[in-house]
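Coordinates in review
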Amino acid sequence: MPRSPKTPPARTEPAPGPAGKHDRLDARVLEAFVGYNARRAWLIVSDVFAERMAPYGLKQIDFSVLSLLAHNPGATSRQLCNTLDILPPNLVSLVSTLDSRGLIERRPHPHDGRAVGLHLTEAGEKLIREAEQTVMQLEADASARLTLRERETLIRLLQKIYL
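Residues numbered from 1 in each chain as written. Predicted model: local features only at pLDDT ≥ 70, side-chain atom pairs only at ≥ 80, totals over all residues. Heavy atoms only, no water.

Examining the packing of aromatic side chains
On inspection of all chains with the given rule, the structure shows 1 aromatic pair. Look at F49 and F63: their rings are 5.7 Å apart centre to centre, the planes differ by 75°, and that puts the pair in the edge-to-face class. Of this pair, F49 sits in helix α1 (residues 34-53) while F63 sits in helix α2 (residues 60-71), placing them 14 residues apart in sequence. In this pair, the class of F49 matches that of F63, namely buried. (Phe/Tyr/Trp six-rings, centres within 6.5 Å; stacked < 30°, edge-to-face > 60°. Helix = DSSP H or I, 4+ residues; strand = E, 2+ residues; numbered from the N terminus. Buried < 20%, exposed > 50% of the residue type's maximum accessible area, 1.4 Å probe, protein only.)

Shown next as structure tokens:
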């Protein structure tokens, strides 16, 4: 007897259960790649970073520039670009934004008349002190499953790739 068009076909596969063990794919090949693992860890940390830096109005690059200037007053744009591996045109708009927020100021460089040194304003110093404390805590939270020695080893090994 032919099936009517309204009768659904018989199921040959079990209905999907709750997400979990059976939803996990074999990722052994991907998990053997440094880049894959670094990216997965970065996704976790960057999501938490974005959430916790939102009250400060900072993105990762903003935080990095302000932190470098806090610890290297008078650094030049060229030095920031070299340290952060970013292109000068990308830094120009970032510096302008931080300047318009009253977080940094430009001053003549003491040794190079053609260069301009970048300095934190009082507001920039206050903001980065608070933001650095927040980032220290988020790093501790994000790496809580590691021992202190494992965390130090992980950082050292990752730096061997890019330094």
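Next, the rest of the story.
Side note on the packing of α2 against helix α5 (residues 122-142)
Interhelical geometry of α2 versus α5 gives an angle of 115° and a closest axis separation of 10 Å. One way to sum up the angle between α2 and α5 is to call them roughly perpendicular. In the crossing of α2 with α5, the sense of the turn from one axis to the other is left-handed. In this structure, α2 uses F63, L66, S67, A70 and H71 to contact α5, whose residues at the interface are L127, I128, A131, E132 and V135. (Axes fitted to C-alpha atoms, helices over the stretch in contact; angles between N-to-C directions. Parallel < 35°, antiparallel > 145°, perpendicular 65-115°, else oblique. Left-handed = near helix turned anticlockwise from the far one by under 90°. Contact = heavy atoms within 4.5 Å.)

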